[in-house]
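Observations on chain architecture
Given next are the chains, with one letter for each unit.
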Amino acid sequence: MPHNGHASPAWVLKLAVVTGLVGVAGGAAGIAVWLALQLIQFVAFGYPFAGHHEAADAPSGLNRFLAVLAAGVLTAIAWWAIRRWGRPVVGVPAAVAGRRMPSLVTLGNAGVQILAVGLGASIGKEVAPREIGAWAAQLLTVRAGLSRRETKVLVACGAAAGLAAVYDVPLGGALFAVEVLLGELTLATALPAFVTSAVAAFVARLVIPDEVLYHVPAMHLSPSLLVWAVVVGPLLGFAGVGFVKTTNRLQGIAPTGWKLLVVLPVVFALVGLVAVPFPEVMGNGRALGIAAMNADLDGPTLLGMAPLLALLVLGLLKTVTTAATIGAGAVGGTLTPSIAIGSALGGFLGAAWLLLWPVDGGSVASFAFIGAAAFLATTMRAPFTALVLVVEFTQQGTDILIPSLLAVSGSVAVGYVLARRRSAQMA
């Protein structure tokens with residue numbers, strides 16, 4: 001803003017144009033990620049350039065194993081080269097704080113992430129479009145000569161626009177900018193966040209098919225679900241905090257140098273072996289989320305396990321494979337893996353609850369949905385963003401917002417209390 005505190009028409013016009021361009025850049029980032037994934041999966045699995053296919057959909061167990069193994073070898077070499085000869089990678093939070101993102105390293109790091117996810121690595125794809133969106137926003141704001149404050153807001157909005165574009169979640173993207181990246185909900189942050197995420201989602205729809213990411217059956221409110229949400233929210237909070245602590249600790253001891261060239265392929269090979277009988281552990285977790293939200297308690301067994309037990313096993317396996325992937329030195333997100341793990345745990349706990357308190361026509365979908373929202377809210381430390389993202393991913397949830405809010409409140413409260421206790425101990 002001009003130093004005299006008054007917004008001239010020229011300044012308003014310039015800021016509006018830059019804001020719109022940041023949204024377009026975020027949309028382009030989402031399109032680039034989607035196209036790259038389509039190309040990788042066409043080569044690896046023969047999928048057509050349409051829809052939301054992923055590695056977990058490959059029918060051949062050998063194909064799945066070889067794809068993840070190839071991901072381990074190729075990404076190990078690529079990340080080793082980037083970290084050895086490239087400038088240090090600047091993440092989105094650091095970019096929002098003002099650090100410049102090196103162009104080649106940022107684009108290369110994002111590209112390797114997409115290669116890993118496309119071939120089935122057990123990690124989320126959402127970090128890549130966020131990094132590209134933030135990088136593009138930095139270029140635009142610097143060229144426009146905006147102030148440090150304006151640049152900070154628009155870089156956060158650019159990152160969020162990339163998220164909004166790749167997953168078609170405009171409201172979730174806007175909330176991610178103001179709640180997670182900026183931690184400030186004001187008109188000065190909300191307006192550009194809304195505009196950039198809306199523009200990005202619209203631009204992305206010009207190329208990316210407009211499809212529901214998670215197809216789930218209709219969900220309904222019941223007294224049983226309300227009580228369950230109150231009971232299970234804190235449990236999911238403890239689980240979410242444990243997942244975050246584990247991944248952070250493993251990330252801190254991830255191999256560097258030549259060790260990366262050994263550890264990463266070995267861990268990916270182990271994940272590939274797990275994916276032979278359990279393809280749901282592959283990729284960003286969408287396959288597991290769909291399986292949990294559509295689980296049929298009267299359906300066929302999975303490798304001899306009852307559906308209820310299968311949900312628990314898949315949730316634990318996804319937790320282990322994602323944590324191991326991060327600990328092996330891979331870079332990626334935990335947003336969609338958190339949805340997968342939360343939905344599996346919620347589905348398991350809900351199925352067990354239905355044995356104690358049966359509901360006419362009751363399904364696991366409602367419990368899995370609430371579990372996904374509560375677990376994600378804890379891992380993101382962002383209750384509004386988490387709940388809106390799950391609603392937008394499924395295009396469901398308005399009938400069960402009440403129990404969802406109760407569960408999210410319980411899970412986030414646990415995370416808050418544990419964080420305060422940890423801070424007090426450190427002090």
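The preceding data block contains the structure.
Now for a look at the structure at hand. (Residues numbered from 1 in each chain as written. Predicted model: local features only at pLDDT ≥ 70, side-chain atom pairs only at ≥ 80, totals over all residues. Heavy atoms only, no water.)

1. Focus: the overall build of the protein chain
A count of helical and extended segments in the protein chain gives 16 helices and zero strands. Its C-alpha atoms give the protein chain principal-axis dimensions of roughly 65 × 50 × 50 Å. Here the protein chain, with 427 residues, has 54% of them falling under the buried criterion. For the protein chain, long-range pairs separated by at least 24 residues make up 80% of all intrachain contacts whose partners lie at least 6 apart in sequence. Entry remark: accessible area of the protein chain is about 18000 Å², with carbon and sulfur atoms responsible for 69%. Taking the 23 positively charged and 16 negatively charged side chains of the protein chain as two groups, their mean positions are separated by 20 Å. (Helix = DSSP H or I, 4+ residues; strand = E, 2+ residues; numbered from the N terminus. Buried < 20%, exposed > 50% of the residue type's maximum accessible area, 1.4 Å probe, protein only. Contact = heavy atoms within 4.5 Å. Areas by Shrake-Rupley, 256 points an atom, 1.4 Å probe, with all protein chains shown as cover. Lys, Arg positive; Asp, Glu negative; His and termini not counted. Charge placed at Lys NZ, Arg CZ, Asp CG, Glu CD.)

2. Things to note about helix α9 (residues 223-252)
Under the 1.5 Å per step criterion, the end-to-end length of α9 is 44 Å for 30 residues, consistent within 8% with the ideal 44 Å. Maximal helix bending in α9 amounts to about 35°, located at V232; proline P234 follows within four positions. Turning to α9, its buried residues are S224, L225, W228, A229, V232, G233, L236, G237, G240, V241, F243 and T247. (Expected span 1.5 Å × (residues − 1). Bend = angle between axes of the 7 residues up to and from the residue.)

3. Brief notes about the packing of aromatic side chains
A full pass over the atoms with the stated rule returns seven aromatic pairs. Measuring from centroid to centroid gives 5.2 Å for Y167 and F393, while their planes differ by 75°, and the two rings are edge-to-face. Placement of Y167 in helix α6 (residues 148-167) and of F393 in helix α15 (residues 383-394) is noted, with a sequence separation of 226 residues between them. The two residues Y167 and F393 agree in class, both being buried. With 5.9 Å between their ring centres and 45° between their planes, F243 and F375 make a pair best called tilted. One end of the pair, F243, is in helix α9; the other, F375, is in helix α14 (residues 365-380), with 132 residues separating them in the sequence. Assessed through its relative accessible area of 4%, F243 is described here as buried. F375 sits in the buried class, given a relative accessible area of 1%. (Phe/Tyr/Trp six-rings, centres within 6.5 Å; stacked < 30°, edge-to-face > 60°.)

4. Digging into the environment of I339
Mapped onto the secondary structure, I339 falls in helix α13 (residues 335-356). With relative accessibility at 1%, the residue I339 sits in the buried group. For the pair I339 and G172, spaced 167 residues apart in sequence, the C-alpha to C-alpha distance is 14 Å. The residues touching I339, leaving out its near neighbours within four places in the chain, are Y214, A372, L376, V390 and F393.

5. Observations regarding empty space enclosed by the protein
Enumeration over the complete set of coordinates arrives at two cavities of 30 Å³ or more. It is helix α1 (residues 9-45) that provides the largest number of residues to the lining of the largest cavity, a total of four residues. Class assignment for the residues of the lining of the largest cavity results in five nonpolar, six polar and three charged. Taken as a whole, the second largest cavity spans an internal volume of roughly 90 Å³. Looking at the second largest cavity, it is lined by 14 residues, and the ones nearest its centre are A165, Y167, D168, I208 and P209. Those elements giving two or more residues to the lining of the second largest cavity turn out to be α6 and α8 (187-205). (1 Å grid on protein atoms, 1.4 Å probe; cavity = no way out; pocket = protein on both sides within 12 Å on 5 of 7 lines; lining within 4 Å. Points joined across faces, edges and corners; volume = space filled by probe spheres on them. Nonpolar A, V, L, I, M, F, W, Y, C, P; charged D, E, K, R; others polar.)

6. Things to note about the pattern of salt bridges
Side-chain pairs of opposite charge can arise where the charged atoms are in close proximity. This structure, assessed with the given rule, holds four salt bridges. A salt bridge links R286 to E54; the shortest N-O distance between them is 3.3 Å. Highlighted residues: R286 in helix α11 (residues 286-293) and E54 in the loop between α1 and α2 (61-85), separated in sequence by 232 residues. E54 matches R286 in its accessibility class, with the two residues each being buried. Sharing partners across several salt bridges, the network here consists of D168, R205 and D210. (Salt bridge = Lys/Arg side-chain N within 4 Å of Asp/Glu carboxyl O.)

7. Some details on a positive patch on the surface
The grouping of K245, R249, R381 and R422 at the surface amounts to a positive patch. If you trace the backbone, R381 turns up in the loop between α14 and α15. (Patch = residues over 30% accessible without salt bridge, like charges linked within 9 Å, V, L, I, M, F, W, Y side chains within 5 Å.)

8. Remarks on unusual backbone geometry
Phi is positive for D168, close to 55°, though the residue is something other than glycine. Looking at the element boundaries, D168 is found in the loop between α6 and α7 (170-181).

9. Let's talk about the packing of α14 against α15
Packing of α14 against α15 leaves a shortest axis separation of 8 Å and a crossing angle of 140°. Classified by the angle between their axes, α14 and α15 sit oblique to one another. In this structure, α14 crosses over α15, and the sense of that crossing is right-handed. In contact with F369, A372, A373, L376, A377 and M380 of α14, α15 contributes P383, T385, A386, L387, L389, V390, V391 and T394. (Axes fitted to C-alpha atoms, helices over the stretch in contact; angles between N-to-C directions. Parallel < 35°, antiparallel > 145°, perpendicular 65-115°, else oblique. Left-handed = near helix turned anticlockwise from the far one by under 90°.)

10. Quick notes on the layout of surface pockets
Counted as a void, the second largest pocket has a volume near 360 Å³. Sorting the residues of the lining of the second largest pocket by element identifies α1, α6 and α8 as the ones contributing at least two each. Examining the composition of the lining of the second largest pocket, we find that five residues originate from one element, α1, more than from any other. Residues that form the lining of the second largest pocket fall into these classes: 10 nonpolar, two polar and two charged.

11. A look at a nonpolar patch on the surface
Residues V73, I77, W258, L261, V262, V263, V266, L270 and L273 make up a contiguous nonpolar surface patch of about 810 Å² in total accessible area. Elements supplying a minimum of two residues to the nonpolar patch: α2 and α10 (258-275). At seven residues, the largest contribution of residues to the nonpolar patch is made by α10. Within the element layout of this structure, V266 appears in helix α10.

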